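Below, each chain spelled out in residue letters.
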Amino acid sequence: MHGNVWEWYQDGWHDDYKGAPINGSAWSSQSDNNHLLRGGSWDYIPEACRSACRNINHAGFDFNNVGFRVVCGAAWT
């Protein structure tokens, strides 16, 4: 899945992981509209095609190299 499109996350952008939740919940405590992107895309450097690669973008913009993944929590019960 890495490298197809940058993946939007519900989490807001943070410079580091200090104060991040440890229970898996979204970290959306910032008041601005910048969101976390992960995974690189088809038009980015190959080294960025991994989930640890982070980027930032302002929510509300659409590009052909940014998307999201639909998750169904019911499938895990």
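Structure: above.
Nothing here was measured: the structure is a model prediction, and the numbers come from that model.

Q: For the nonpolar core, give the residues involved together with the corresponding values.
A: Counting residues in each nonpolar core, the largest one holds five residues, listed as W6, L37, A48, C53 and V66. Here V66 is in contact with V5, W6, W8 and L37, once residues within four sequence places are set aside.

Q: An account of the layout of surface pockets is needed here, citing residue identities and associated values.
A: Within this model, the largest pocket holds a volume of roughly 270 Å³. If one sorts the elements of the lining of the largest pocket by residue count, strand β1 (residues 6–12) sits on top with four residues. Here the residues of the lining of the largest pocket sort into seven nonpolar, five polar and four charged.

Q: Please set out the packing of aromatic side chains residue by residue, giving values where relevant.
A: Across all of its chains, the model carries one aromatic pair by this definition. Aromatic side chains W6 and Y44 sit 5.1 Å apart centroid to centroid with 70° between the ring planes, which places their arrangement in the edge-to-face category. Placement of the pair is W6 in strand β1 and Y44 in the loop between β2 (34–38) and β3 (54–58), with a sequence separation of 38 residues. Taking the relative accessible area as the measure of exposure, Y44 reaches 39% and is therefore partly exposed. Seen from the ring of Y9, R38 lies directly overhead, with NZ or CZ sitting 5.8 Å from the centre. If you follow R54 out to its NZ or CZ, it ends over the ring of W13, 4.4 Å from the centre.

Q: Run through the pairing of β2, naming residues and quoting values.
A: With four of its five residues buried, β2 lies for the most part within the structure. Both β2 and β3 contribute to a ladder of five bridges, which runs antiparallel. Counterpart to L37 in the pairing with β3 is N55.

Conventions used here
- Here the residue numbers are simple positions, counted from 1 along each chain's written sequence.
- Whole-chain, interface and lining totals are the exception, using all residues; otherwise, since this is a predicted model, local features are given only for residues with pLDDT of at least 70 and side-chain atom pairs are given and counted only at 80 or more.
- Side-chain numbers come from the whole structure's heavy atoms, not from hydrogens or water.
- Put simply, a nonpolar core is a bunch of buried Ala, Val, Leu, Ile, Met, Phe, Trp, Tyr and Cys residues held in one set by side-chain atoms that sit within 4.5 Å of each other.
- Under the scheme applied here, a residue whose accessible area is under 20% of the maximum for its type counts as buried, over 50% as exposed, and between as partly exposed, the area being computed with a 1.4 Å probe on protein chains only.
- In what follows, a contact means two residues having at least one pair of non-hydrogen atoms within 4.5 Å.
- Residues are called lining when one of their atoms sits within 4 Å of a cavity or pocket point, these points coming from a 1 Å grid over the protein atoms alone, where a cavity is a set in which a 1.4 Å probe fits but cannot get out and a pocket is an open set with protein on both sides within 12 Å along at least five of seven lines.
- Grid points are joined across faces, edges and corners, and a volume is the space filled by probe spheres set on the points.
- Elements are defined by DSSP. Helices are runs of H or I of four residues or more, strands are runs of E of two residues or more, and each kind is numbered from the N terminus.
- Each residue gets one of three labels, nonpolar for Ala, Val, Leu, Ile, Met, Phe, Trp, Tyr, Cys and Pro, charged for Asp, Glu, Lys and Arg, and polar for the others, Gly among them.
- Here the aromatic set is Phe, Tyr and Trp, taking the six-membered ring for Trp, and pairing holds for ring centres within 6.5 Å; pairs whose planes are under 30 degrees apart are stacked, those over 60 apart are edge-to-face, and all others are tilted.
- Either the NZ atom of lysine or the CZ atom of arginine qualifies as a charge over a ring when it sits within 6 Å of the ring centre and within 35 degrees of the ring normal.
- Here a strand pair is declared whenever DSSP counts at least two bridges between the two strands.

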